[in-house]
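Residues per chain, in single letters:
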Amino acid sequence: AIERLTASGEGVPLMRAHAEYFCNLAESAERLLDTPDRDRVLGQYDLEYGNLRAAIEWAVAAGHAELGCRLAAATAPYWQARSNFSEGRARLNSALALPAEPSVARARCFTAAAGLATWNGDQAAAQRYAGDSLAVYRILGDRRGEAVTLTTIGWATIQEDAPAARALLAEAASVFRELPDYESLGEALRGMAAAELTIGEV
């Protein structure tokens, strides 16, 4: 269906509008996953997943890196919730493979890839993706994005090097206190506690 649409002059703007619509829908849904509406939102993802998949495929095939990264990052929580790690990581990688300038969308896509890799038990990949995300956020001067990524790296590092993980999470917690962002601060503090427990077991 994508090939038929993009082969015509009218199909390209139609698919672009389709991709942007479902990108906005996914980004709105993503913000509700940590609320009491979680089950309803996951059901909405279930219903629209065919459209989301088609939108990601089109954006990547058309070389729209920004849109592809936005779509993939916004769909990542759904892949995580449904334990669909293989497809999720493949989709994220396809968006990240496109040449692109540093942007928040690209950094979020790296962070999403790190998160899925962590849940999938691939800590080496998680640290690699998170490091790429951190580099982008630092280029952009985005302090909150940097702290979120430090939290991701910290969690992914606990089993390998708990003291280093504790230091990363402490740095993230300091930034969250400054912002302030107390919800994210809680996640960093939970990571610090997990690191402390791991250190105590060694």
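Check the entry above for the structure.
Throughout what follows, the structure given in this document is the object of discussion. (Residues numbered from 1 in each chain as written. Predicted model: local features only at pLDDT ≥ 70, side-chain atom pairs only at ≥ 80, totals over all residues. Heavy atoms only, no water.)

Some thoughts on the pattern of salt bridges
- Inspection of every chain in the model, using the stated rule, returns 15 salt bridges.
- The shortest N-O distance in the salt bridge between Arg40 and Asp37 comes to 3.7 Å.
- Take Arg40: its relative accessible area is 48%, and that puts it in the partly exposed class.
- A relative accessible area of 35% places Asp37 in the partly exposed class.
- We note a salt bridge from Glu57 to Arg91, for which the minimum N-O separation is 3.1 Å. Of this pair, Glu57 sits in helix α3 (residues 38-61) while Arg91 sits in helix α5 (residues 85-96), and the two are 34 residues apart along the sequence.
- Overall, the relative accessible area of 16% leaves Arg91 in the buried class.
- Each of the salt bridges in this network shares a partner with another, and the network as a whole consists of Arg53, Glu57, Glu87 and Arg91. (Salt bridge = Lys/Arg side-chain N within 4 Å of Asp/Glu carboxyl O. Buried < 20%, exposed > 50% of the residue type's maximum accessible area, 1.4 Å probe, protein only. Helix = DSSP H or I, 4+ residues; strand = E, 2+ residues; numbered from the N terminus.)

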